[in-house]
Amino acid sequence: MKKIWAWGALVFGLLYFTLPLIGMTNFSLKMRRGEYSFDAYGKVFSDPRFQETFTYSVMQALFTIIFGVLLVVPTAYWVRLKLPRLRPVIEFITLLPLVIPAIVIVFGYIRLYNTSSWLPLTGSLTGTNILLMFGYATLALPYMYRAVDTGLRTIDVATLTEAAQSLGAGWATILAKIILPNVLVAVLSGAFLTFAIVIGEFTMAALLNRPAFGPYMQLLGANRAYEPAALAVIAFGITWGCLGLIQLVSRFQRSAPPKA
Amino acid sequence: MSSAKPDASPPARRLPLHWLGILPFAAFVTLFLLLPTMKIVVGAFQTPDGGFTLDNIRGLFTPSILAAYWISIKISIASALLGCLIGFAMASAIVFGGLPQGIRGPLLTFSGVASNFAGVPLAFAFLATLGPVGIVTVFLRSNFGFDLRMLGFNLLSFWGLTVTYLFFQIPLMILIITPALDGLKREWREAAEILGATGLQYWRMVAFPILLPSLLGTLALLFANAFGAVATAIALTGSSLSIVPILLFAQIRGDVLGNPHLGYALAFGMIVVTGIANAIYIWLRSRSERWLK
């Protein structure tokens, strides 16, 4: 009786989740009348706008990851080492991007950093690109900070720091050669999640008028029939790939020797 | 009284240097998270030339904006409730249902993917499934003569958006509630049974009260999650359905409300709604952690 009920819930859920995936895959293959083909994918991949926007988003994602790592790893390390009492405060702040909708944050950017403001970031292309990267870093902050902080929990930060210091290492050396390698797996999983977020992001890029992948998908969706489904399959594949990589690296971590 | 902190006196002179370590973080967060939000909040109470006013807030109480908030809130509540219900059913099926062990891992992994599969692609997936020529629509029409359109179902509507949002709401629920269900100790059930409780009594009097804070907290989180979702809605409906995020998007793009500061008020309203929902979540989560460690 209980088992039937459990199977029922599971099957219902699986049906709900697989139908849209089957639907979009099926639709993406039907561009040629009457038979299945990869025409829609060919169209998408050969579209120069696809290549431009995808490259743009990948570049933005890479810069966001680099910036995020440089910002989050030293901060999380420092808070654990020297300012443990601040931890709840920092944690609260890093969770704020989950509370404040992205559209509100980017609205604030536009009003705060417009051409007539004290920091006219939206006045130039480079400035807008940097602003967008900061926006992405803000969106990724909750995930990045949590991942790194969890990674730091598994190592003895204070002892490692003292050992390195007594051997004459400075702060930069400690961070780059001791702390970062130790939390690399956590950093990587944060990085993959950041990548997935940036690639699919729509609101910020659209409102800042940058040619990113998200707005391109939306534009194509409004004008074409079959290509959007192909894009959805590609986007789902990217998300899947990123989270698969997280699984892979965290399994790698589990097989590493446990902390002393 | 003032000397009650003995350990703080000797290193007090070095303390200021410690703060320098989080200066980059503090600067970043201030410039790109706190200040922009403050700007919106303050702007909601300002006239275009900087004076203080409540007119913008009052401007929210016009029928069209109220209607937008109302439909946003309704969609968020519906998708949060259904997401909680279905997610809970699926999570308890894999935790207690006696299903094969092999199902759990893949389902949780998939939930991780699906809860991140929001935005534009999700809208395309549902258009290809439940849209006018979607796979399910066509299947029902050609095999059962059953027309979803005739029944009043339209993807670009309240229910359409709710059904679509469920695609990321249910997995989020599964991800959050599974650890809580795992935390229900076997001993509690055994103790209840020894005292003569039936399965229903155990659920009603032991398990459910313990889970209640987690459930309500997750409900609040799912609500906020749906309320802030913009991309899916825009890709799905264009701007035909007037929900708050779409209205705000159009306002930022081209001042559709005729008053730039009404946009601040609109955004401020969004912060208030998601802020309340998240405060409820955080409060209830801290309560539930007492039991579920």
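Residues numbered from 1 in each chain as written. Chains lettered and ligands numbered in written order. Predicted model: local features only at pLDDT ≥ 70, side-chain atom pairs only at ≥ 80, totals over all residues. Heavy atoms only, no water.

Following the criterion strictly, the structure yields three cavities of 30 Å³ or more and no others. Of the voids in this model, the largest cavity is the one considered here, and its volume is about 60 Å³. In terms of lining, the largest cavity is formed by A:Thr64, A:Ile65, A:Gly68, A:Leu71, A:Val72, A:Ala137, A:Ala140, A:Leu141, A:Met144, A:Thr194 and B:Phe28. Contributing elements (two or more residues each) for the lining of the largest cavity: helix H3 (48-81) and helix H6 (125-153) of chain A. Counting residues per element, the lining of the largest cavity draws most heavily on H3(A), at five residues. Class assignment of the residues belonging to the lining of the largest cavity gives a composition of eight nonpolar, three polar and no charged. Estimates place the volume of the second largest cavity at around 50 Å³. Lining the second largest cavity, in full, are B:Leu130, B:Gly131, B:Pro132, B:Thr137, B:Leu148, B:Arg149, B:Phe153, B:Asn154 and B:Leu155. (1 Å grid on protein atoms, 1.4 Å probe; cavity = no way out; pocket = protein on both sides within 12 Å on 5 of 7 lines; lining within 4 Å. Points joined across faces, edges and corners; volume = space filled by probe spheres on them. Helix = DSSP H or I, 4+ residues; strand = E, 2+ residues; numbered from the N terminus. Nonpolar A, V, L, I, M, F, W, Y, C, P; charged D, E, K, R; others polar.)

The subject of this paragraph is H3(A). Its 34 residues give H3(A) an end-to-end C-alpha distance of 49 Å, which sits within 8% of 50 Å, the value for a rise of 1.5 Å per residue. By the N-cap criterion, in which a side-chain oxygen at the helix start approaches the backbone nitrogen of a residue two or three places on, H3(A) is capped by A:Asp47, the distance to A:Arg49 being 2.9 Å. (Expected span 1.5 Å × (residues − 1). Polar contact = N/O pair within 3.5 Å; in protein donor to acceptor, adjacent residues only side chain to side chain.)

All right, on to the interface of chain A and chain B then. On the side of chain B, 73 residues touch chain A, which itself brings 73 residues to the contact. The junction of chain A with chain B conceals about 6,400 Å² of combined surface from both sides, 83% of it contributed by carbon and sulfur atoms. A per-residue breakdown of the area chain A buries against chain B is headed by A:Tyr16, A:Phe17 and A:Phe107, which together make up 11% of the total. For the pair chain A and chain B, the number of links is zero salt bridges. Our enumeration of links across chain A and chain B arrives at six residue pairs in polar contact (both at pLDDT 80 or more). Among the secondary structure elements, those contributing two or more residues to the side of chain A that touches chain B are helix H1 (2-28), H3, helix H4 (87-99), helix H5 (102-112), H6, helix H10 (203-207), helix H11 (213-223) and helix H12 (227-255) of chain A. (Contact = heavy atoms within 4.5 Å. Buried area = accessible area lost by both parts, 1.4 Å probe. Salt bridge = Lys/Arg side-chain N within 4 Å of Asp/Glu carboxyl O.)

To continue, consider the side chain of B:Ser111. Residues and elements named next belong to chain B. Positionally, Ser111 belongs in helix H5 (residues 104-116). For Ser111, a relative accessible area of 2% corresponds to the buried category. Those residues in contact with Ser111 that sit more than four places away from it in its chain are Pro171, Ile174 and Leu175. (Buried < 20%, exposed > 50% of the residue type's maximum accessible area, 1.4 Å probe, protein only.)

This next bit is on the packing of aromatic side chains. Tallied over the full model, the rule gives 39 aromatic pairs over all chains. Seen from their ring centres, A:Tyr16 and B:Phe167 are 6.2 Å apart, and the 45° between their planes marks the pair as tilted. Pair noted here: A:Tyr16 is in helix H1 and B:Phe167 is in helix H8 (residues 158-182), and the two residues belong to different chains. The exposure class assigned to A:Tyr16 is buried, which follows from its relative accessible area of 15%. Considering the side-chain rings of A:Phe54 and A:Phe213, the 5.1 Å spacing of their centres and the 80° angle between planes classify their relative orientation as edge-to-face. Within this pair, whereas A:Phe54 is found in helix H3, its partner A:Phe213 is found in helix H11, the two being separated by 159 residues in sequence. Ring-pair connections join several aromatic residues into one group, and the members of that group are A:Tyr16, A:Phe17, A:Phe236, A:Trp240, B:Phe110, B:Phe126 and B:Phe167. Lying across the ring of B:Phe158, B:Lys74 places its NZ or CZ 5.7 Å from the centre. (Phe/Tyr/Trp six-rings, centres within 6.5 Å; stacked < 30°, edge-to-face > 60°. Lys NZ or Arg CZ within 6 Å of the ring centre and 35° of its normal.)

This part takes up the nonpolar core. Soluble globular proteins tend to pack their nonpolar side chains together in the buried interior. With 186 residues, the main nonpolar core has A:Ile103, A:Val104, A:Leu152, B:Tyr165, B:Phe167, B:Ile243 and B:Leu248 as its most contacted residues. Those residues within four positions of A:Leu152 in sequence are excluded, and the remaining contacts are A:Ala76, A:Tyr77, A:Arg80, A:Val157, A:Ile179 and A:Val183. (Core = buried A, V, L, I, M, F, W, Y, C linked by side-chain atoms within 4.5 Å.)

The next point concerns the pattern of salt bridges. Residue and element names in this part refer to chain A. Counted under the stated rule, the structure contains nine salt bridges over all chains. Across the pair Arg224 and Glu227 runs a salt bridge, and its minimum N-O distance is 3.1 Å. By relative accessible area, which is 4% here, Glu227 ends up buried. By sharing partners, the salt bridges in this structure join Arg80, Arg87, Glu91 and Asp149 into a single network.

Here the focus is the packing of H1(A) against H5(B). Axis angle and axis distance: for two packed helices, these are the angle between their axes and the distance between the axes, and together they describe the pair. Packing of H1(A) against H5(B) leaves a shortest axis separation of 13 Å and a crossing angle of 45°. By the angle class used here, H1(A) and H5(B) are oblique. Pair H1(A) / H5(B) crosses with left-handed handedness. Where H1(A) approaches H5(B), its residues A:Leu10, A:Leu14, A:Phe17 and A:Leu21 are matched on the opposing element by B:Leu107, B:Phe110 and B:Ala114. (Axes fitted to C-alpha atoms, helices over the stretch in contact; angles between N-to-C directions. Parallel < 35°, antiparallel > 145°, perpendicular 65-115°, else oblique. Left-handed = near helix turned anticlockwise from the far one by under 90°.)

Space inside the second largest pocket adds up to approximately 610 Å³. Lining the second largest pocket are 22 residues, with A:Trp5, B:Phe88, B:Ser92, B:Trp203 and B:Phe208 sitting closest to its centre. Those elements giving two or more residues to the lining of the second largest pocket turn out to be H1 of chain A together with helix H4 (63-96) and helix H10 (199-227) of chain B. With nine residues, H10(B) is the largest single contributor of residues to the lining of the second largest pocket. In terms of residue class, the lining of the second largest pocket is built from 16 nonpolar, three polar and three charged.

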